[in-house]
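Working through the structure, step by step
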Amino acid sequence: MTDTIITVVGNLTDDPELKFLPSGVGLAKFRLASTPRVKDKDSGEWKDGEALFLSCTAFRQMAENIAESLQRGARVVVQGRLKQRSYEKDGEKRTVYELDVEEVGPSLRYATAQVKKMGRASQGQAPTRSDDPWGSPAPAAGSLEDPPF
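Residues numbered from 1 in each chain as written. Predicted model: local features only at pLDDT ≥ 70, side-chain atom pairs only at ≥ 80, totals over all residues. Heavy atoms only, no water.

This part covers the confidence of the model for the protein. Per-residue confidence for the protein averages 83 on the pLDDT scale, and 79% of its residues sit at or above 70. No element of the protein has a lower mean pLDDT than strand S4 (residues 37-39), which averages 86, and none a higher one than strand S2 (residues 17-20), which averages 96. The low-confidence segment residues 125-133, where pLDDT is below 50, has six contacts with residues more than four positions distant or belonging to other chains. (pLDDT = per-residue confidence, 0-100. Helix = DSSP H or I, 4+ residues; strand = E, 2+ residues; numbered from the N terminus. Contact = heavy atoms within 4.5 Å.)

So this is what it looks like as structure tokens:
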């Protein structure tokens, strides 16, 4: 069975909600509204089409990064697995679509962003070795360790 992977561009309808599962794993939930722009043939004006609302879920470090970085109204690009869930409420069968987030980032069409890379230890991986020359900061300009060229 293959998953349905989709990419959606839209705006967060609320601030992301960060929770932690009993295992300690972070869980972020947020809703995304994607509204297409359509041109009215009669008037020639651009108008909003019908909005698509998707509930999105992210886990682990990405969940914490989302909660720290994004807020209501932020325009984002989200890619993930589309899931369908059916349930019954008040005797009526309902179906909802949700997105298990694989990647998320700010849309830079109408905004700028400052990216801050997380260290390896922050990503749940082994910390960098202290004797690794590539893992330590560069020496200050003009120091004795500068190359002679």
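Time to look at the pattern of salt bridges. One pass over the full model with this rule turns up six salt bridges. A salt bridge links Arg 81 to Asp 3; its shortest N-O distance comes to 2.7 Å. Of this pair, Arg 81 sits in strand S7 (residues 75-89) while Asp 3 sits in the segment before strand S1 (4-12), and the two are 78 residues apart along the sequence. Residue classification places Arg 81 among the partly exposed positions, given a relative accessible area of 27%. Note that Arg 81 and Glu 102 form a salt bridge whose closest N and O atoms lie 2.1 Å from each other. (Salt bridge = Lys/Arg side-chain N within 4 Å of Asp/Glu carboxyl O. Buried < 20%, exposed > 50% of the residue type's maximum accessible area, 1.4 Å probe, protein only.)

All right, on to the layout of surface pockets then. Considering only enclosed or pocket space, the largest pocket measures out at about 800 Å³ in volume. Elements with a minimum of two residues in the lining of the largest pocket: helix H1 (60-69) and strand S8 (92-106). No other element matches H1, which puts six residues into the lining of the largest pocket. Among the residues forming the lining of the largest pocket, the class breakdown is twelve nonpolar, nine polar and five charged. (1 Å grid on protein atoms, 1.4 Å probe; cavity = no way out; pocket = protein on both sides within 12 Å on 5 of 7 lines; lining within 4 Å. Points joined across faces, edges and corners; volume = space filled by probe spheres on them. Nonpolar A, V, L, I, M, F, W, Y, C, P; charged D, E, K, R; others polar.)

Moving on to the pairing of strand S3 (residues 26-34). Within a regular strand, the side chains alternate between the two sheet faces. Extensive coverage of S3 is indicated by the burial of seven of its nine residues. Here S1 runs beside S3; their pairing, made up of two bridges, is antiparallel. The residue bridging Leu 12 from the neighbouring strand is Leu 32, located in S3. Of the strand pairs in this sheet, S2 and S3 are connected by four bridges, and their pairing is antiparallel. Each residue of the ladder has a partner; that of Glu 17, found in S3, is Lys 29. With antiparallel pairing between neighbouring strands as the criterion, S2 and S3 make up a hairpin whose turn holds five residues, including Gly 24 at a positive phi of roughly 95 degrees. Relative to strand S6 (residues 52-59), S3 runs antiparallel, the two being bridged by eight bridges. By the bridge assignment, Leu 32 is partnered in S6 with Leu 54. (Pairing = 2+ DSSP bridges.)

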